[in-house]
Amino acid sequence: MTHTPLYQKIYQHLRQAIESGELAPASHIPSNARLARQFGAGICTVQTALAALEREGLIERRQKLGTFVRSRQPRLSRVGLYFNDNFWKLPDMDFYRMLYGHLQQLLSREKISFQLYLAEQKLQISRKLPAALLQDARRGEIQAVIAPLIERVDPGIIAELAVPLVVVPGYYGATAQAVQDYRPTLFRKVAQYFRERNCRRAALFSVLDPEDFVVFQQALEEQDLSIDPAWSCPLPERRPGDSIERIGYEAARERLTRSPPPDGLFLYPDTFARGVIPALLQAGVRIPEQCRLAIHLNEGMRLLVPFPFLAVVTDPAEVALALVRHAQGLVSGHPVPPRALNLSLEECEI
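Residues numbered from 1 in each chain as written. Predicted model: local features only at pLDDT ≥ 70, side-chain atom pairs only at ≥ 80, totals over all residues. Heavy atoms only, no water.

**Observations concerning the sheet that holds strand β10 (residues 264-268)**
Threshold: In this analysis, strands are considered paired if DSSP registers two or more bridges between them. Strands here mean DSSP runs of E at least two residues long; helices mean DSSP runs of H or I at least four residues long; both are numbered from the N terminus. Here, two residues are considered to be in contact whenever any of their heavy atoms come within 4.5 Å of each other. With axes taken as lines fitted to C-alpha atoms, and helix axes fitted only over the stretch in contact, angles between N-to-C directions fall between 0 and 180 degrees.
With mixed pairing, the 6 strands of this open sheet are ordered in space as β9-β8-β10-β11-β12-β13. Strand pairing shows two members of the sheet lacking a second neighbour, β9 (226-227) and β13 (344-348), which therefore form its edges. Pairing geometry for β10 and strand β11 (residues 292-298), over 4 bridges, is parallel. In the strand pairing of β11, Gly264 is matched with Arg292. Along the sheet, helix α12 (residues 270-282) makes contact with β8 (201-206), β10 and β11, crossing β11 at roughly 145°.

This is the structure in structure tokens:
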């Protein structure tokens, strides 16, 4: 049986009393001496429990008057960061490692403690959560979970977790999507660029979900452009051990044996583009004369492209900010709407 520290018992008792209304806003918290007698604890143990409540914004200490329940809602002070282990293992997870770095910096700056939880990929497939994460959530060690890289989310997971689960676009069933799905806007911007460059046919060459190709086709149709079916279609399912870069290279080589690229070609994401670019070079594709190229990039991540292209840039720091602000809003009782990311466009020359 797991032993619960005494300070945690005091903390949980007072926190439950505050949240249930038994201890109303502005009401007086029992003195340290009284709490020490009630729980058979030392004064230092009581002070440790009260310090945790104060960090959350649940109580405030007034000199010579005592400790009182604050009138405002609790603040986020402890968060779990949850990734599957592809985050560490795969070389094409640069975006998520960079996002983790931005989350670390932001949480530290705002004095929010955090714990990293990693799940094996097989756990993600079976839709289970690590035992340590569930245990810490039940004990009140974390108030919310930020999960930028998670394969499946369903109501059973959320009910089991019992704290807000904050995710990025593309994942379903979560209690809080922190970022608006930017892909429709992204596709419209790229389609407009292709039209302005007198393209007639275009393609989304990507490892995205099949429905994304439908959305991209709609964006092209709004600009009176047609889609190239040979290049704009889902790729074979990723094999264990395959990097996205390798998939991009092999897929582009295979396509180029059957069909030249369309007038406009959008490569997404940047890790996929890393593999496609060498294949285009080897095949001698003339860019921009034969094909206009647009590439999705993440701020702070370099990509060597030896010909002109349109860069559509997103910023991992902005995604990190949206995730943290969404978790803070949920814990404080003032949810914030999903954040619309800025998408900057830049024409890059050689």
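**Considering the confidence of the model for the chain**
The line we're drawing: Per residue, pLDDT measures the predictor's confidence, with a range of 0 to 100.
When the pLDDT values of the chain are averaged, the result is 86; 91% of them are 70 or greater. Across the chain, the element-wise mean pLDDT spans from 48 in helix α6 (residues 121-125) up to 96 in β10.

**Here's the deal with unusual backbone geometry**
For clarity, the threshold we go by: Each residue's exposure class comes from its accessible area (1.4 Å probe, protein chains only) as a fraction of the maximum for that residue type: buried when under 20%, exposed when over 50%, partly exposed otherwise.
Geometrically, the link from Tyr268 to Pro269 is a cis peptide bond, its omega value of -5° lying close to zero. The step from Ile287 to Pro288 runs through a cis peptide bond, and the omega angle for that step is 15°. Looking at where Pro288 falls in the secondary structure, it is placed in the loop between α12 and β11. Of note, the phi angle at Ala162 is positive, near 70°, even though the residue is not glycine. Residue Ala162 is classed as exposed on the basis of its relative accessible area of 62%. The phi angle at Asn198 is positive, at roughly 65°, despite the residue not being glycine. Relative to the assigned elements, Asn198 resides in the loop between α9 (183-196) and β8.

**Section: the pattern of salt bridges**
Which entries qualify depends on this criterion: Here, a salt bridge means any Lys or Arg side-chain nitrogen found within 4 Å of an Asp or Glu carboxyl oxygen.
Taken as a whole and assessed by the stated rule, the structure comprises 16 salt bridges. One salt bridge connects Asp212 with Arg183, and the closest N-O pair in it is separated by 3.4 Å. Of this pair, Asp212 sits in helix α10 (residues 210-222) while Arg183 is found in helix α9, placing the two residues 29 residues apart along the sequence. Salt-bridge contacts for Glu196 lead to Arg197; the nearest nitrogen and oxygen are separated by 3.8 Å. With relative accessibility at 24%, the residue Arg197 sits in the partly exposed group. Sharing partners across several salt bridges, the network here consists of Asp94, Arg97 and Arg274.

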